[in-house]
Amino acid sequence: MGVIGVLALQGGYQAHERALAEVGHRTVRVRYASEFPTLDGLVLPGGESTTMFKLLALEGLEQSLDAYVRSGRPVLATCAGLILAARTAVGPAQRSFGWLDVDVRRNAWGRQLDSFQATADDTDLPLMFIRAPRIERVGPGVETVLRYHGEPILVRCGPIFGATFHPELTDDRRVHRQVFGPAS
Ligand code: GLN
């Protein structure tokens, strides 16, 4: 894989850059529409999804981002990124792009604690949740890759992956490797 873009309007893009570099990928911060044609994959980081939407509109990036994600290249959407990717987002409700046929509820994991660490079901992958969305419905075309307490936390539809947790904030690189492959 060549260059992976990390949407860098807001939120936790730097930790994704480090994670991708550890896997051996080159990264570029995406802030302008002109960057999309150069990318072999894209990360939509965590942060605050309502703010991200506002900035996408302000920067005129909505259409080019939408076209890029639908173009079949690998995409990893984490937390607020997953909210952007979902079919619907509630709690509070807001627009989303619908790239992944899942419905999410915002800030629904660890409401009492805000953030917490855990381990995925059936594997030793460490998980970090930060005011994470919960996936409340998984559409028929969407595969559940990982669960926690029986609930989907990593889903995919072809090359588009969505995680409720933050794989970039632990030192396990399996998720970034699975989405983008080893560096060429
Ligand atoms: N709660 C945030 C939102 O709704 C997402 C949290 C995160 O990305 N860590 O946008």
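In what follows, the structure referred to is the one given above.
Bear in mind that the values here come from a model prediction, so they are computed numbers and not experimental data.

Undergrad: Tell me about the site of the ligand, and name the residues and values.
TA: Around the ligand, the structure places Gly46, Gly47, Glu48, Ser49, Cys79, Ala80, Ile83, Arg106, Asn107, Ile130, Arg131 and His166. Within the backbone of Arg131, a nitrogen or oxygen atom sits 3.1 Å from a nitrogen atom of the ligand. Protein contacts shield 95% of the accessible area of the ligand, which totals 300 Å² for the unbound molecule. Classifying every residue of the shell around the ligand by side-chain character gives four nonpolar, five polar and three charged.

Undergrad: Residue-level account of the sheet that holds strand E12 (residues 160-163), with values.
TA: Across the sheet, which stays open at both edges, the seven strands sit in the order E2-E1-E3-E4-E12-E11-E10 with mixed pairing between neighbours. Because the sheet does not close on itself, it has two edges, and the strands there are strand E2 (26-30) and strand E10 (143-148). Direction aside, neighbouring strands of the sheet carry axes that sit 20° apart on average. Note that strand E4 (residues 75-78) and E12 share four bridges and pair parallel.

Undergrad: Pulling in residues and values, what's your account of the packing of aromatic side chains?
TA: Counted by the stated rule, this structure contains ten aromatic pairs. Measuring from ring centre to ring centre gives 5.5 Å for Trp109 and Phe129, while their planes differ by 45°; the resulting arrangement is tilted. With a gap of 20 residues between them, Trp109 in the loop between strand E6 (100-105) and strand E7 (115-119) and Phe129 in strand E8 (residues 126-130) connect regions that are remote in the sequence. Assessed through its relative accessible area of 5%, Trp109 is described here as buried. Look at Trp109 and Tyr148: their rings are 5.5 Å apart centre to centre, the planes differ by 55°, and that puts the pair in the tilted class.

Undergrad: With reference to specific residues and values, describe the sheet that holds strand E5 (residues 86-90).
TA: Read from one edge to the other, the open sheet built from three strands follows the order E5-E6-E9, with strand pairing classed as mixed. Taken across any chain shown, the strands that pair with only one partner, and hence form the sheet edges, are E5 and strand E9 (134-138). The average undirected angle you get between the axes of adjacent strands in this sheet is 25°. In terms of strand pairing, E6 meets E9 through four bridges, oriented antiparallel. Bridge assignment links Arg105 to a residue of E9, and that residue is Arg134.

Rules used in this analysis
- Residues numbered from 1 in each chain as written.
- Predicted model: local features only at pLDDT ≥ 70, side-chain atom pairs only at ≥ 80, totals over all residues.
- Heavy atoms only, no water.
- Near = heavy atom within 4 Å.
- Polar contact = N/O pair within 3.5 Å; in protein donor to acceptor, adjacent residues only side chain to side chain.
- Areas by Shrake-Rupley, 256 points an atom, 1.4 Å probe, with all protein chains shown as cover.
- Nonpolar A, V, L, I, M, F, W, Y, C, P; charged D, E, K, R; others polar.
- Pairing = 2+ DSSP bridges.
- Helix = DSSP H or I, 4+ residues; strand = E, 2+ residues; numbered from the N terminus.
- Axes fitted to C-alpha atoms, helices over the stretch in contact; angles between N-to-C directions.
- Phe/Tyr/Trp six-rings, centres within 6.5 Å; stacked < 30°, edge-to-face > 60°.
- Buried < 20%, exposed > 50% of the residue type's maximum accessible area, 1.4 Å probe, protein only.

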